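# Geometric and topological summary
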Amino acid sequence: MDQRLNMWLNSEIKEFSDIFKKFNGKLNKKIPLWMAVSIIGMVVLGFCVKADIFTILKIHFPVGCAFALFIWLCYWLQGKTTSVKKARASYETAMTEFFKSDKDTDKFLRQMDTRSYGELNFLNVEFDKYPSRFIAGNDYWIFFKDLNCRFIRVDDIESIYGKEEKTRVHYSTSTTHVRQNVAVGVSLVIKYKENSASAAEYQEEKLFFDNGEQYGQALELIKKYCSKSSYFLSA
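In this report, the structure presented in the accompanying data block is examined. (Residues numbered from 1 in each chain as written. Predicted model: local features only at pLDDT ≥ 70, side-chain atom pairs only at ≥ 80, totals over all residues. Heavy atoms only, no water.)

We now examine the overall build of the chain. Secondary structure summary: the chain contains six helices and seven strands in total. The buried share among the 235 residues of the chain stands at 40%. Within the chain, residue pairs in contact and separated by at least 24 positions form 61% of the contacts whose partners lie at least 6 positions apart. A total accessible area of about 13600 Å² is found for the chain, and carbon and sulfur atoms account for 57% of it. (Helix = DSSP H or I, 4+ residues; strand = E, 2+ residues; numbered from the N terminus. Buried < 20%, exposed > 50% of the residue type's maximum accessible area, 1.4 Å probe, protein only. Contact = heavy atoms within 4.5 Å. Areas by Shrake-Rupley, 256 points an atom, 1.4 Å probe, with all protein chains shown as cover.)

As structure tokens, then:
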């Protein structure tokens, strides 16, 4: 990797580390809450089914404690399997694949060195193992989500649009079996120009946001910091 890119990455990872600490701090605050909910929920269930105190203490309370322990174990394992080093490796892989010319490198570093860009950080502890990060400048964007890092060259963009992502869920009632589409987030779909460098690898790609609010914030950031956005937003 170009030494100048490596120096920029050092500063980026330092900033990411601070965000990661906030993410873990928010995550750790959730652990006691969910543990308490699991215990209280089982005890309340015992009262709801009109169990006696002895049964609640012998069955419902221990089961609630077991659920609480399982929740703690899941969060503990997540903490052990995530690290800033893994995030850096994701950045390095993406940068190696993306930067193929000195012209690209120079233009990118000029944008980042002058800090002519905006950034968003999302601490989605309910869904993600890492904070999500979106950077938008006039010439380059960066999107990081759950160890998937993407660099976007603005000059290669033909158009962008939002797409609601849905998943199909199945559940049964007392009388019927129901299939339903449920929204899980919104993707910023980027369509690349046919003969662009990016299109040689992807005709289009998606930047996934967990909800419409995050997508809206990303779109506003693009409009604010990317003067070229008026061309591909209206395409």
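Applying the stated rule across the entire model yields 23 aromatic pairs. Pairing Tyr91 with Phe144 gives two aromatic rings, centres 5.5 Å apart and planes at 15 degrees, and the pair type is stacked. A residue pair is termed long-range when its members are at least 10 positions apart, and Tyr91 in helix H3 (residues 84-98) and Phe144 in strand S3 (residues 140-145) qualify at 53 residues. For Tyr91, a relative accessible area of 0% puts it in the buried group. Ring centres 5.6 Å apart and planes at 70 degrees place the aromatic pair Phe99 and Phe151 in the edge-to-face group. Note that Phe99 is positioned in the loop between H3 and helix H4 (102-113) and Phe151 in strand S4 (residues 148-153), a separation of 52 residues in sequence. With relative accessibility at 4%, the residue Phe151 sits in the buried group. Aromatic ring contacts, followed pair by pair, group Trp8, Phe16, Phe20, Phe23, Tyr91, Phe98, Phe99, Phe108, Tyr130, Tyr140, Phe144 and Phe151 into a single cluster. (Phe/Tyr/Trp six-rings, centres within 6.5 Å; stacked < 30°, edge-to-face > 60°.)

Right, let's talk about a nonpolar patch on the surface for a bit. A cluster of nonpolar side chains, namely Phe47, Ile53, Leu57 and Phe61, defines an oily patch on the protein surface of about 420 Å² accessible area. Considering each element in turn, the nonpolar patch owes the most residues, three residues, to helix H2 (residues 53-81). What makes Phe61 partly exposed here is its relative accessible area of 37%. (Patch = residues over 30% accessible without salt bridge, like charges linked within 9 Å, V, L, I, M, F, W, Y side chains within 5 Å. Salt bridge = Lys/Arg side-chain N within 4 Å of Asp/Glu carboxyl O.)

Counting residues in each nonpolar core, the largest one holds 26 residues, and the members touching the most others are Trp8, Tyr91, Phe108, Ile142 and Phe151. Contributing elements (two or more residues each) for this core: helix H1 (3-48), H3, H4, S3 and S4. Beyond its immediate chain neighbours, meaning those up to four positions away, Phe151 contacts Trp8, Tyr91, Ala94, Met95, Phe98, Phe99, Phe108, Trp141 and Ile142. One finds Phe122, Val186, Leu188 and Leu221 within the second-largest nonpolar core, a separate group that totals 24 residues. (Core = buried A, V, L, I, M, F, W, Y, C linked by side-chain atoms within 4.5 Å.)

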